Amino acid sequence: MAAVLILALAFVTAGLSPAVPAGPARADAGQVCRVALTVTTDSEDGLRDDSTETVTLGGAALLFEDWNGDGRDDTPPQPFHRGGTGDRANATFVWNAHLSPCVPSSSLLDGFTFTHSSTAPDIRADNWDLAGLQITDRDTGFVYFRHDTSEGLIHRFLKNSDQTWNTTAGRPDPDTDGDGLSDRIELLGIPRGDGTRDTWLPEHGADPCRKTIAVEIDWLDDGTTSDRPSPLALDEARHMFDAAPVGAAASCPYGPTPGPGMQLLVDVSNAITVTPAERVRPLRDKGPDGVTNFDRYWAVNFPAHRRDLFFYNIWGYKHDNSTSSGFSPVEGHKTDFIVSLGSWSGASVRQQSGTFVHELGHALGLLHGGDGDLNYKPNYLSVMNYRYQVTGVPDYSAWSVAVGGMLSSDQDAVLDGRTVESVSSIDYSRRKLDDLVQNRLVESKGVGGDTDLLVAWRDRNLVLRAGPADRGLDWNWSAWGYADPDPSREVSLNLMAWTQVCVSPVDPAGASGGLDTTRAPGDVRFGDQILTGPDNECSTPAASTDTQVKPVGFRYEPLAALAGFDDWKGIRFPVGPGAGGAAPGSPEPDVTKEEAARETRDLLDAMVAAATPAPAASPRWGYAYMDQATAPLDVPAGLNPAYQWTTGRLDPATAAHRATVTHTGTGSYEVRLPDVASATGIAHVTPYRTVYRGRTCRVTGYEASGPDEVIRVQCFDHTGAPVDWWFEAFFAAPAADAAPYATVRYNPPGGTATLAPVLNSGTHNSAGRANRVYHEGTGRYRVVLEGAAYTSDKGYTQVTPYGAGTAARCHPEGTKVVDAGLEVTVGCYAVAQDATPRPVDAPWLLSYVEGAGLHHDASVPAAYVTTTGDPAAPSVDVRHSYSGDGETPSVTRLSTGWYRVTYTGGIGKAGDTVQVSTLTPGRYCHLGNINSTNPPQLTIDVYCHSGTGMLADGNFGAAYLRAP
């Protein structure tokens, strides 16, 4: 008992509290209370029973519950252990102990301190070997310290020296979560050179058990313009890391185990004050002293104690002489990068957030293809892929929901980059998708994803296509986006063919301008570049003002396979004492403003094409002559059965059905075409019997009603007043066919918007591309039908006014071949007694066909004719005319504004119809009469009127249709 009192006095002398009669407590979060020490002696020296061992944590002594080693818990516990060891070598003991009160878990940073005290005479001195040790939290099971005997001797305690040992001896500070930031730094802060600590990390919640990435951001500010990033953009970036599919440490010694994900802690630090001239100077340009502007700002603004622990990021105007969005890592800096969106003039929140995490990703070891530099891989769904850097990765389901709303509305939505952003999110790739063997693509397999993120790729015609990652993909776009379900069928497609550049428009002398080189046969023009053709070999010599990227005869070897990559698993942490060198790969300027705009546009076009309903397997169309202009109101009336037809007649069950009309008001009608109902399609109307003063009819709406298609029509006189009148009504739904065919329903409110692209149930493109409408002034529209097939410019265009606004007359005014396809100019004019045509904004409907009737049904004889030249002596524009029997008709001016088109080859058949479209600005031309009762001759009379409604000469187009 005297020995116990002596030991207690010794603890007081050492500044330790003597034991108190307290039972073991349960730990609260962030505390250490109850531990078990598993102690193993060496085979040489054991521990004598008369020696005393004390263990402290955070300055508090552990209270041993069986302090004398007799196998029974003692009351009270004591702040030492003495007995039960018997000087046995190669023996293991378990000592239960607790702290009262509990100590903060941050005390673990300084470890457990063991002190050995022996009262034996020197000749019998108790020197003992600690060979193995494990310290376990009895409440959580967390192992605070572990050293197996196989790892070698831990410590040899001597009677007169080496009596104290700490578990941190010879060990670096722990980094529980493996992020390169030690637990001490995350809990207590970063030491400064003056002995103080930078406590920003613990003050902002740095968690030593959850991977943390710390970034300091500075930005340029010239007093007028600031390059400071949007807080919303940084919030998006934080959310991306927070939702990362990365697990936290399996267990945490400092409190509750945190959830998955990573911490992105961003210190939005300082505005770097510069002059306007300094702000726009490239950050990577070197001054006379050979130091870059970035390095100059870095040296002054980035604290030395944070280097190699924080990533450093400057937001500025530009980093080189281009509009490149960023650069990472900056030369000589393995963790530092630039975001240079100042030259983008109002970059969106998503463009900022996507670029920020893209450049940070490079500093974390990620490349444009994940683990390689190959960009734009279809099986790499990551913001590191240029395809998704500035928009995020679209969610196919979210896009489908948004599209459903657009297709069901009669009002057209304006689609742009914000549309893509709204259904997308920034992220690194979350899994390794299937490797793609380019000559053995299995459509039913797709890319093997488990979510329906949007995959984008270029088909054989270099058109960007899109589909969901968790389903099959129509790689060749041979079935309008529907993948071949047969897993035994394979497609051969060079998915990266569009990157095989032979000639670019970059002038070696530095002059600006587009591509001047004419491509050689076998090569392909793609935008402003010339690529190899299917043979993968360059055949085109560059003009002197262009750049020969690869010499004539150079052959690209297509990659056998494109590898998928999991970004989150591939991230490196190049910070802290164990960090490696610079990120792999050579840094290069990232996507420019111009490239980003093109990528966003292409991606939106691909999404629109993927969302557009596929054409039907067979044609679905019909027409009717509305000859009940003065029928009683609100009573359905039958139309002349001899002058109507629908494809419903091909089915014996519906062959007897006929069209009806309901007169709903002065000049207002609802025509019901039986058995041609469709969720997609286009309608047109043309006034009939207009030898009188000019008449205008428009489609005010059309939709499916049960099995029928209902077309709502309104007619006006030459003053714009509603008038009861006769007309020809027509409807067609798109069907699969090789001939070029496009429709556009343009119906934004007021007819004043640019729709690029157009997406609605009345818009179709047989090339699977986008149609675009640019509003270029009051009543002036430029329509672009995208696709190489349209560049022959041999088709016919029909335009009909649409909607319920102010009365207007709309018609095509010309075509022009462009790189993307064909431009069609549309003009709209007020319906009023205007001697001078008055342009007015208005919605309209457009159909373009080539080598087929207006219905795009190659199985039924049809024709179209376009006049050209002086309207007083017109001729047939053979290039823009077609007849199923190959005949070119004649056109005769019978009197002012009265024309007759004559076919003699037998194309006509009684019970037919015609749609007429004006071609002369300000005129309006309509159907006067059809005479097909004297075969083989067919005559079509057309009347044209001036803005005042009087007969006047004008060019026109007429599309002739008949029953099979």
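What counts and how
- Residues numbered from 1 in each chain as written.
- Predicted model: local features only at pLDDT ≥ 70, side-chain atom pairs only at ≥ 80, totals over all residues.
- Heavy atoms only, no water.
- Helix = DSSP H or I, 4+ residues; strand = E, 2+ residues; numbered from the N terminus.
- Buried < 20%, exposed > 50% of the residue type's maximum accessible area, 1.4 Å probe, protein only.
- Contact = heavy atoms within 4.5 Å.
- Areas by Shrake-Rupley, 256 points an atom, 1.4 Å probe, with all protein chains shown as cover.
- Lys, Arg positive; Asp, Glu negative; His and termini not counted.
- Charge placed at Lys NZ, Arg CZ, Asp CG, Glu CD.
- Pairing = 2+ DSSP bridges.
- Axes fitted to C-alpha atoms, helices over the stretch in contact; angles between N-to-C directions.
- Expected span 1.5 Å × (residues − 1).
- Parallel < 35°, antiparallel > 145°, perpendicular 65-115°, else oblique.
- Left-handed = near helix turned anticlockwise from the far one by under 90°.
- Nonpolar A, V, L, I, M, F, W, Y, C, P; charged D, E, K, R; others polar.
- Phe/Tyr/Trp six-rings, centres within 6.5 Å; stacked < 30°, edge-to-face > 60°.
- Lys NZ or Arg CZ within 6 Å of the ring centre and 35° of its normal.
- Core = buried A, V, L, I, M, F, W, Y, C linked by side-chain atoms within 4.5 Å.
- Disulfide = S-S within 2.5 Å.
- Salt bridge = Lys/Arg side-chain N within 4 Å of Asp/Glu carboxyl O.
- pLDDT = per-residue confidence, 0-100.

1. Observations regarding the overall build of the chain
Part 1 of the reasoning: In terms of regular secondary structure, the chain is built from eleven helices and 53 strands.
Part 2 of the reasoning: Once the C-alpha set of the chain is aligned to its principal axes, its extents read approximately 140 × 70 × 55 Å.
Part 3 of the reasoning: Counting only residues that meet the buried cut, the chain has 56% of its 964 residues in that class.
Part 4 of the reasoning: Restricting the contact set of the chain to residue pairs at least 6 apart, pairs at least 24 apart contribute 69%.
Part 5 of the reasoning: Here the chain displays about 37,200 Å² of accessible surface, and carbon together with sulfur accounts for 51% of that area.
Part 6 of the reasoning: Here the chain holds 75 positive side-chain charges and 115 negative ones, and the gap between their average locations is 4 Å.

2. Overview of the environment of A233
Part 1 of the reasoning: Tracing the backbone through its elements, the reader meets A233 in helix α4 (residues 231-242).
Part 2 of the reasoning: Residue classification places A233 among the buried residues on the basis of a relative accessible area of 1%.
Part 3 of the reasoning: Each C-alpha atom, one on A233 and one on V357, is 9.9 Å from the other, the two residues being 124 residues apart in sequence.
Part 4 of the reasoning: Apart from residues no more than four positions distant in its own chain, A233 is found in contact with V349, Q352 and S353.

3. Points about the sheet that holds strand β33 (residues 682-687)
Part 1 of the reasoning: The antiparallel open sheet is built from four strands, whose spatial order is β30-β28-β36-β33. The strands lining the two open edges of the sheet, one partner per strand, are β30 (644-646) and β33. Averaged over all adjacent pairs, the angle separating strand axes in this sheet is 10°, with direction ignored.
Part 2 of the reasoning: Both β33 and strand β36 (residues 727-733) contribute to a ladder of six bridges, which runs antiparallel.

4. A closer look at helix α7 (residues 349-363)
Part 1 of the reasoning: The first and last C-alpha atoms of α7 sit 21 Å apart over 15 residues, in line with the 21 Å expected at 1.5 Å per residue.
Part 2 of the reasoning: Counting buried positions along α7 yields 14 of 15 residues, so the element is predominantly enclosed.
Part 3 of the reasoning: Looking one or two residues past α7, G365 carries a phi angle of roughly 100°, positive in sign.

5. Concerning the packing of helix α8 (residues 396-408) against helix α11 (residues 593-611)
Part 1 of the reasoning: Close contact between α8 and α11 brings their axes to 11 Å; oriented N to C, the two are set at 70°. The orientation of α8 relative to α11 falls into the category roughly perpendicular. When you trace α8 past α11, the crossing you get is right-handed. For the pair α8 and α11, contact is made by Y396, W399, V403 and L407 and by L604, M607, V608, A610 and A611, respectively.
Part 2 of the reasoning: Counted by class, the contact of α8 with α11 contains nine nonpolar, no polar and no charged residues.

6. Re the packing of aromatic side chains
Part 1 of the reasoning: Within the structure shown, the criterion is met by 38 aromatic pairs.
Part 2 of the reasoning: Considering the side-chain rings of F302 and Y312, the 4.5 Å spacing of their centres and the 20° angle between planes classify their relative orientation as stacked. Linking F302 in the loop between α6 (293-301) and β15 (311-315) with Y312 in strand β15, this pair joins segments that are ten residues apart in sequence. There is no split in this pair, since F302 and Y312 are both buried.
Part 3 of the reasoning: Joined through ring pairs, the aromatic side chains of F294, W298, F302 and Y312 make up one cluster.
Part 4 of the reasoning: Here R695 stacks its cationic end above the ring of W725, 4.3 Å away from the centre of that ring.

7. As for the nonpolar core
Part 1 of the reasoning: Counting residues in hydrophobic clusters, the biggest one holds 111 residues, and the most contacted among them are I213, F241, F356, L360, W399 and Y428.
Part 2 of the reasoning: Top element by residues in this core is α11. It accounts for eight residues.
Part 3 of the reasoning: Once residues lying within four places of it in the same chain are set aside, the contact partners of I213 are F241, M262, Q263, L264, L265, F311, L360, L364 and F573.
Part 4 of the reasoning: Counting residues in each nonpolar core, the second largest holds 65 residues, with M626, V661, A732 and V865 among its members.

8. Regarding the state of the cysteines
One covalent bond between the sulfur atoms of two cysteine residues makes up a disulfide.
Part 1 of the reasoning: Applying the stated criterion across every chain yields a total of six disulfides.
Part 2 of the reasoning: Between the sulfur of C33 and that of C102 lies a disulfide, 1.5 Å long from S to S. The S-S bond linking C33 to C102 shows a torsion near 110°; that makes this disulfide right-handed. Within this pair, whereas C33 is found in strand β1 (residues 31-41), its partner C102 is found in strand β5 (residues 92-104), the two being separated by 69 residues in sequence. The pair formed by C33 and C102 is uniform in burial state, with each residue classed as buried.
Part 3 of the reasoning: Numbered by order of appearance in the sequence, the disulfide-linked cysteines of the chain pair as 1-2, 3-4, 5-6, 7-8, 9-10, 11-12.

9. Details of the sheet that holds strand β34 (residues 696-705)
Part 1 of the reasoning: With respect to topology, five strands assemble into an open sheet ordered β29-β31-β32-β35-β34, the strand pairing being antiparallel. Each of the sheet's edge strands pairs with one partner strand only, and the pair in question is β29 (637-638) and β34.
Part 2 of the reasoning: Two strands pair when backbone bridges link them, and β29 and strand β31 (residues 660-665) are joined in this way by two bridges, in the antiparallel orientation. By the bridge assignment, A637 is partnered in β31 with V661.

10. Quick look at the pattern of salt bridges
Part 1 of the reasoning: Tallying each qualifying case throughout the model produces 49 salt bridges.
Part 2 of the reasoning: The partner of D834 in a salt bridge is R838, and the shortest N-O contact between them spans 3.2 Å.
Part 3 of the reasoning: Among the ionic contacts, a cluster of salt bridges with common partners joins R601, D605, R769, R772 and E786.

11. Some remarks on the confidence of the model for the chain
Part 1 of the reasoning: Of the residues in the chain, 96% have a pLDDT of 70 or more, and the chain-wide mean is 92.
Part 2 of the reasoning: Confidence over residues 1-21 falls short of pLDDT 50; this stretch has 22 contacts with residues more than four positions distant or in other chains.

12. Focus: the side chain of H764
Part 1 of the reasoning: As for its placement among the helices and strands, H764 is situated in strand β38 (residues 764-765).
Part 2 of the reasoning: Sequence-distant contacts of H764, that is, excluding residues within four places in its chain, are made with W480, P615, P734, Y741, A742, T743 and N771.

13. Points about the side chain of D523
Part 1 of the reasoning: Residue placement: D523 occurs in the loop between β23 (501-504) and β24 (524-526).
Part 2 of the reasoning: It is R519 that comes nearest to the buried, bridge-free D523 among opposite-charge side chains, at 7.4 Å.

14. Some thoughts on unusual backbone geometry
Part 1 of the reasoning: A756 connects to P757 through a cis peptide bond whose omega is 10°.
Part 2 of the reasoning: Mapped onto the fold, P757 is located in the loop between β37 (741-746) and β38.
Part 3 of the reasoning: Along the chain, P935 connects to P936 via a cis peptide bond; the corresponding omega equals 5°.
Part 4 of the reasoning: At L462, a position not held by glycine, the phi torsion is positive, near 65°.
Part 5 of the reasoning: Position of L462 relative to the elements: it lies in the loop between β21 (454-458) and β22 (464-468).

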